[in-house]
Amino acid sequence: MGYSARGLCELIRARIAFGRLEAKAIPLRNRQSLAGSATEPAIAEAALARISYVLPRLSDRLPWRSDCLVQAIAAQNWLSAMGAASEIQIGVENPKGGQFGAHAWLVHDGMVVTGGDIAKYEVILADSRMRGDSGDETVDRGAG
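Below you will find a few notes about this structure. No experiment lies behind these values; they were computed from the predicted model shown.

Next up on the list: the overall build of the protein chain. Scanning the protein chain from N- to C-terminus turns up five helices and five strands. Across the protein chain, helices and strands are ordered from the amino to the carboxyl terminus as α-α-α-α-β-β-β-β-α-β. By the burial criterion, 48% of the 144 residues in the protein chain qualify as buried. At a minimum sequence separation of 6, the contacts of the protein chain that also span at least 24 residues come to 72%. Of the roughly 7,900 Å² that the protein chain leaves accessible, carbon and sulfur atoms contribute 52%.

Pasting the structure below:
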């Protein structure tokens, strides 16, 4: 299956999951992703870059809202199907004189897969921060 077709399927699944998702379920999704990848295969950086590229572009063309959290869920489902662990992280920004903003992104093996440039966000939800991992290398080639 091509990346666009697979991306569309994952975005549909993610949108359905998003409709039922409670914020407290995100750490559970992350733990399930980690548990389901005991023998994690290496995911080529080119494959991660294609996933990063295709999801936001498809999202822009869908008739329903598929913003950052939906894209992160879609990418997490996709990577889980490949046997790879990933983590949805959530951060906030509150620039002086600006509006408060929240953002979600997906991290795999220390690389940002979806969510774009996350430098301006302070992480408020990330299991890896509790374990002492760092996830600040960016692979994302699209906007989130």
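Turning next to the nonpolar core. By size, the foremost hydrophobic cluster in this structure holds 27 residues, and its most contacted members are Leu11, Ile51, Leu55, Leu79, Ile88, Leu106 and Val113. Within the residue set of this core, elements represented by two or more residues are α1 (3-20), α3 (45-59), α4 (68-81), β1 (87-93), β2 (101-108) and β3 (111-114). Sort the elements by how many residues they give to this core and α4 lands first, with nine residues. One finds Trp105, Val107, Val112 and Tyr121 within the second-largest nonpolar core, a separate group that totals five residues.

What follows concerns unusual backbone geometry. Of note, Asp109 is a non-glycine position whose phi angle comes to about 50°, a positive value. When you line up the elements, Asp109 lands in the loop between β2 and β3.

Next up on the list: the packing of aromatic side chains. The geometry of an aromatic ring pair is captured by two quantities: the separation of the ring centres and the angle between the planes. What the rule picks out here adds up to two aromatic pairs. With a centroid separation of 5.8 Å and an interplanar angle of 40°, the aromatic rings of Tyr3 and Trp78 are classed as tilted. Linking Tyr3 in helix α1 with Trp78 in helix α4, this pair joins segments that are 75 residues apart in sequence. The positively charged end of Arg57 is found above the aromatic ring belonging to Tyr53, 3.9 Å away from the centroid.

For the rest of this paragraph, the subject is the pattern of salt bridges. Enumeration according to the criterion identifies five salt bridges in this entry. The salt bridge partner of Arg65 is Asp67, with a shortest N-O separation of 2.7 Å. Its relative accessible area of 25% is what places Asp67 among the partly exposed residues. With its nearest N and O atoms 3.9 Å apart, the salt bridge here joins Glu93 to Lys120. Of this pair, Glu93 sits in strand β1 while Lys120 sits in the loop between β3 and β4 (122-125); the two residues are 27 residues apart in sequence, bridging distant segments of the chain. The buried category is assigned to Glu93, whose relative accessible area is 18%. Shared partners join several salt bridges into a network, and the residues in it are Arg6, Glu10 and Arg13.

So, on to α3. Under the 1.5 Å per step criterion, the end-to-end length of α3 is 22 Å for 15 residues, consistent within 8% with the ideal 21 Å. Every buried residue belonging to α3 is among Ala47, Leu48, Ala49, Ile51, Ser52, Val54, Leu55, Pro56, Leu58 and Ser59, and all of these are buried. For α3, the elements touching its buried residues are α1, α4, β2 and β3.

Our next topic: a nonpolar patch on the surface. A surface patch of nonpolar side chains, about 230 Å² in accessible area, is lined by Leu8, Ile12 and Ile16. Looking at where Ile12 falls in the secondary structure, it is placed in helix α1.

Conventions we followed
- Residues numbered from 1 in each chain as written.
- Predicted model: local features only at pLDDT ≥ 70, side-chain atom pairs only at ≥ 80, totals over all residues.
- Heavy atoms only, no water.
- Helix = DSSP H or I, 4+ residues; strand = E, 2+ residues; numbered from the N terminus.
- Buried < 20%, exposed > 50% of the residue type's maximum accessible area, 1.4 Å probe, protein only.
- Contact = heavy atoms within 4.5 Å.
- Areas by Shrake-Rupley, 256 points an atom, 1.4 Å probe, with all protein chains shown as cover.
- Core = buried A, V, L, I, M, F, W, Y, C linked by side-chain atoms within 4.5 Å.
- Phe/Tyr/Trp six-rings, centres within 6.5 Å; stacked < 30°, edge-to-face > 60°.
- Lys NZ or Arg CZ within 6 Å of the ring centre and 35° of its normal.
- Salt bridge = Lys/Arg side-chain N within 4 Å of Asp/Glu carboxyl O.
- Expected span 1.5 Å × (residues − 1).
- Patch = residues over 30% accessible without salt bridge, like charges linked within 9 Å, V, L, I, M, F, W, Y side chains within 5 Å.

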